[in-house]
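Overview (structure and organization)
One letter stands for each residue in the lines below.
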Amino acid sequence: MAKSAQILAHATILCALAAVITGARLTSANALEGLDIALWKNLHRGLSTIAAAGGIAVAFLVTGKLRVWLLSSVLLAALPGGMLEAKAVPQVAGVLHAVAASLLVSVTAVAALQSGRDGSESIAPVIDEGSPSLAALAKAAWISLLVQTLLGALYRHQIVGLVPHVGGAMVVIGIIMYAGIAAFSMPHAPAAVKRPAMTLLILTGLQMLLGLAAYLYRLEVREQATGHAAMLIFTVIHVAVGALTTACSALMGIQISRYVRPAVVAV
């Protein structure tokens, strides 16, 4: 059963990421004139439906809070998706849909990790004597990345300007650097903690460069009416890597909760 859940969770992650990509392509293309979006709309609709069905199926193969998280994330993605289909407050629905999709990728990634456990881990937990704790830092990183996803969606849907998204990015980068370096440099931390920490740091650096490229090409489109294809490509990749970064921070948090224990303060 665990193996089936893991395979299904990985397939759902791929479909959810593909839905994120096609959704970002649709949103970015809507800002440009003369582009045919019918194919991308149908692809997005189909991939979103498959990802939702996969998330529900995985939910019934796992137990506890993870099941609740999976079902909730599917519901949170489906409701604004239905609002978009009905053309009800499309900008707000689009923003909520984007954040929920990133949440679904994160929760499904956690389900895949948890389903892969075989119960044979024998690594002694590492004592965390730092302040703030690694668990708190990991939680802050994940929440801040979801907030940054929200700010990015607000910008792409032309609800707010660029400044909140850029300002948020500076704060998020600081939080991730703090959390990632603290986890990676912790003495005696197992590879299961260090791997997602290093991956998170790498993805964050890549995400920053992609965001800069997307903005520069957006300026070119606005000022010179050229660079449309490059702007679409970099924007879509920026959104996709953002979802992966958020998922990686969730995985780091799960591994920290598994292998790291807070120090006991003497009274």
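Not measured: the values here are computed from a predicted model. (Residues numbered from 1 in each chain as written. Predicted model: local features only at pLDDT ≥ 70, side-chain atom pairs only at ≥ 80, totals over all residues. Heavy atoms only, no water.)

**Here we look at the environment of Thr204**
As a reminder of what qualifies: Helix numbering and strand numbering both begin at the N terminus, where a helix is a DSSP run of H or I of at least 4 residues and a strand a DSSP run of E of at least 2. Contacts are assigned to residue pairs that have any heavy atoms within 4.5 Å of one another.
Secondary-structure assignment places Thr204 in helix H7 (residues 191–224). Note: C-alpha distance between Thr204 and Ile7 (197 residues apart in sequence) is 27 Å. Setting aside residues no more than four positions away along its own chain, Thr204 makes contact with Ile173, Ile176 and Thr245.

**Observations regarding the side chain of His44**
Going by this rule: Residue burial is assigned from relative accessible area. The probe radius is 1.4 Å, only protein chains are included, and a residue is buried under 20% of its type maximum, exposed over 50%, and partly exposed in between.
Take His44: it is sitting in helix H2 (residues 38–59). Classification of His44 by relative accessible area gives buried; the value is 14%. If sequence neighbours within four positions are ignored, His44 has contacts with Ala19, Thr22, Gly23, Leu26 and His97.

**Considerations on H7**
Worth spelling out the cut-off: In a helix, the anticipated span is given by 1.5 Å times the number of residues less one.
Over its 34 residues, H7 extends 49 Å from the first C-alpha to the last, a length consistent with the 50 Å expected when each residue adds 1.5 Å. Phi turns positive, to about 60°, at Ala225, one or two residues after H7.

**Things to note about a nonpolar patch on the surface**
In plain terms, the rule: Every patch collects residues that have over 30% relative accessible area and no salt bridge, joining them within 9 Å if they carry like charges and within 5 Å if they are nonpolar side chains (Val, Leu, Ile, Met, Phe, Trp, Tyr). The protein chains shown are the only cover counted for residues, whose accessible areas, like all others here, come from Shrake-Rupley with a 1.4 Å probe. A pairing counts as a salt bridge when a side-chain nitrogen of Lys or Arg comes within 4 Å of a carboxyl oxygen of Asp or Glu.
Together, Val89, Val92, Leu96 and Ile159 give the surface a local cluster of nonpolar side chains, amounting to about 330 Å² of exposed area. In this fold, Ile159 is placed in the loop between helix H5 (134–156) and helix H6 (162–184).

**Re the side chain of Gln6**
Tracing the backbone through its elements, the reader meets Gln6 in helix H1 (residues 2–30). If we skip the residues at most four places from it in the chain, Gln6 touches Ala112, Ser115 and Gly116.

**Comments concerning the nonpolar core**
Grouped burial of nonpolar side chains is what soluble globular proteins tend to show. As a reminder of what qualifies: For this analysis, a nonpolar core means a set of buried residues of the types Ala, Val, Leu, Ile, Met, Phe, Trp, Tyr and Cys, connected via side-chain atoms within 4.5 Å.
Among the nonpolar cores identified, the biggest contains 30 residues, and Val58, Leu66, Leu70 and Val105 are the most heavily contacted of them. For this core, the secondary structure elements donating two or more residues are H1, H2, helix H3 (65–85), helix H4 (90–115), H5 and helix H8 (228–259). Here this core gets nine residues from one element, more than from any other, and that element is H4. Setting aside residues no more than four positions away along its own chain, Val105 makes contact with Ala16, Leu17, Val20, Ala243 and Ala247. In this structure, Leu134, Ala189, Leu201 and Leu210 belong to the second largest nonpolar core, which totals 25 residues.

**Regarding unusual backbone geometry**
Although it is not a glycine, Gln158 adopts a positive phi angle of roughly 60°. Mapped onto the elements of the fold, Gln158 is located in the loop between H5 and H6. Judged by its relative accessible area of 58%, Gln158 is exposed. The phi dihedral of His188 is positive, around 65°, even though this residue is not glycine. Looking at where His188 falls in the secondary structure, it is placed in the loop between H6 and H7.

**Considering the packing of aromatic side chains**
This is how it is decided: Centre distance within 6.5 Å is the pairing criterion for rings of Phe, Tyr and Trp, where only the six-membered ring of Trp is used; planes under 30 degrees apart are then read as stacked, over 60 as edge-to-face, and the remainder as tilted. The criterion for a charge sitting over a ring is simple: Lys NZ or Arg CZ within 6 Å of the ring centre, and within 35 degrees of the ring normal.
The final tally for this structure, using the stated rule, is two aromatic pairs. Arranged with centres 5.9 Å apart and planes meeting at 70°, the rings of Trp69 and Trp142 form a pair that is edge-to-face. With Trp69 in helix H3 and Trp142 in helix H5, this residue pair connects regions lying 73 residues apart in the sequence. Residue classification places Trp142 among the buried positions, given a relative accessible area of 16%. Between the aromatic rings of Tyr217 and Phe234, the centroid separation amounts to 5.5 Å while the plane-to-plane angle is 10°, which identifies the pairing as stacked. In this pair, Tyr217 sits in helix H7 while Phe234 sits in helix H8, placing the two residues 17 residues apart along the sequence. In this arrangement the basic side chain of Lys194 is found over the ring face of Phe184, its NZ or CZ atom lying 5.5 Å from the centre.

**A few points about the packing of H2 against H3**
For clarity, the threshold we go by: Inter-axis angles, ranging from 0 to 180 degrees, are taken between N-to-C directions of lines fitted to C-alpha atoms, where helices are fitted over the stretch in contact. Orientation is classified from the angle alone, with under 35 degrees giving roughly parallel, over 145 giving roughly antiparallel, 65 to 115 giving roughly perpendicular, and any other angle giving oblique. For any pair of crossing helices, the crossing counts as left-handed if the nearer helix is rotated counterclockwise from the farther one by less than a right angle, and right-handed if it is rotated clockwise. Residues are grouped as follows: Ala, Val, Leu, Ile, Met, Phe, Trp, Tyr, Cys and Pro are nonpolar; Asp, Glu, Lys and Arg are charged; all remaining types, including Gly, are polar.
One way to put it is that H2 packs onto H3 with a least axis distance of 9 Å and a crossing angle of 155°. In terms of orientation, H2 and H3 fall into the roughly antiparallel class. Crossing angle aside, the handedness with which H2 passes H3 is left-handed. From H2, Arg45, Ala52, Gly55, Ile56, Val58 and Ala59 reach across to H3, where they touch Arg67, Leu70, Leu71, Val74 and Glu85. Each residue belonging to the contact of H2 with H3 can be placed in one class, and the counts come to seven nonpolar, one polar and three charged.

**Section: the environment of Gly23**
Tracing the chain through its elements places Gly23 in helix H1. Residue Gly23 is classed as buried on the basis of its relative accessible area, which comes to 15%. Separated by 217 residues in sequence, Gly23 and Ala240 have C-alpha atoms that sit 10.0 Å apart.

**Quick look at the confidence of the model for the protein**
Put simply, the rule is: For every residue, the predictor reports its confidence as pLDDT, a number between 0 and 100.
Per-residue confidence for the protein gives a mean pLDDT of 86; residues scoring 70 or more make up 92%. Within the protein, the element-level pLDDT minimum falls on strand S1 (residues 126–128), averaging 77, and the maximum on H5, averaging 93.

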